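# Chains, contacts and geometry: an overview
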Amino acid sequence: MRVDFYQLSRDPAESALALIAGKVAGNGERLLVVSADLGQRQRICQALWSAGPKSFLANGFAGEGGEDRQPILLSDMAEPANGARFMAIADGAWREGETPFERTFFLFDDTTLQHARDTWRMLRTREGVEHYYWKQEGGRWIQAG
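Residues numbered from 1 in each chain as written. Predicted model: local features only at pLDDT ≥ 70, side-chain atom pairs only at ≥ 80, totals over all residues. Heavy atoms only, no water.

A few words now on the overall build of the protein. Of regular secondary structure, the protein possesses 3 helices and 8 strands. The order of α-helices and β-strands along the protein, N terminus first, is β-α-β-α-β-β-β-β-α-β-β. Over its C-alpha trace the protein gives a radius of gyration of 14 Å, about what one expects of a compact globule, namely 15 Å for 145 residues. A principal-axis box enclosing the C-alpha atoms of the protein has dimensions of 40 × 35 × 30 Å. Counting the 145 residues in the protein, one finds 44% classified as buried. In the protein, the proportion of contacts linking residues at least 24 apart, taken out of those at least 6 apart, comes to 59%. On the protein, roughly 7800 Å² of surface is accessible, and the fraction owed to carbon and sulfur atoms is 48%. Mean positive and mean negative side-chain charge positions of the protein (17 and 20 charges, respectively) differ by 6 Å. (Helix = DSSP H or I, 4+ residues; strand = E, 2+ residues; numbered from the N terminus. Rg over C-alpha atoms; globule rule 2.2 N^0.38 Å. Buried < 20%, exposed > 50% of the residue type's maximum accessible area, 1.4 Å probe, protein only. Contact = heavy atoms within 4.5 Å. Areas by Shrake-Rupley, 256 points an atom, 1.4 Å probe, with all protein chains shown as cover. Lys, Arg positive; Asp, Glu negative; His and termini not counted. Charge placed at Lys NZ, Arg CZ, Asp CG, Glu CD.)

Right, dumping it as structure tokens:
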């Protein structure tokens, strides 16, 4: 399992997720995006649909039906009803599914920084977990750890 920690400092989660989701979908994979905040899920949905005229990212909400057809599924729970092997946590609150995801993108900001640090330390104790830390620098994501 791989976990990528993304510290948001300049852009909101929706902007970062549009980039991540585009790369995941571009590789033919499915993505589960998790946030307990319905408003945030709605903003993410809007950002994905308006990623660009040629690159909109189709997505849908868990609980609305047809989840198995969604390349990107937005949910409040870590249950990949769309068969996703990749998960993005948008609200900075760590959670895991019953079956580990192949890769998890964990987005956090200053308000959830301590929780992210605690999660990093907890994951370091697990065997078979790779974790990486990314930060924004000059509008780009730089691997910092």
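The discussion continues.
This paragraph deals with the environment of Gln143. Relative to the helices and strands, Gln143 resides in strand β8 (residues 140-143). For the pair Gln143 and Gly63, spaced 80 residues apart in sequence, the C-alpha separation works out to 35 Å. Setting aside residues up to four positions removed in sequence, Gln143 forms contacts with Tyr132, Tyr133 and Trp134.

This next bit is on the pairing of strand β2 (residues 31-34). Both faces of β2 are covered, namely the face carrying Leu31 and Val33 and the face carrying Leu32 and Val34. Across 4 bridges, β2 lies against strand β4 (residues 72-75) in parallel orientation. Looking at β4, one finds that Val34 is bridged to Ser75. In this structure, β2 lies alongside strand β5 (residues 86-89), joined through 4 bridges in parallel fashion. Residue pairing across strands places Val33 opposite Ala88, the latter belonging to β5. (Pairing = 2+ DSSP bridges.)

This next bit is on the pattern of salt bridges. Considering all chains together, one arrives at 10 salt bridges under this definition. The partner of Asp4 in a salt bridge is Arg2, and the shortest N-O contact between them spans 2.9 Å. Residue classification places Asp4 among the buried residues on the basis of a relative accessible area of 0%. The partly exposed category is assigned to Arg2, whose relative accessible area is 23%. The salt bridge partner of Glu137 is Lys135, with a shortest N-O separation of 3.9 Å. (Salt bridge = Lys/Arg side-chain N within 4 Å of Asp/Glu carboxyl O.)

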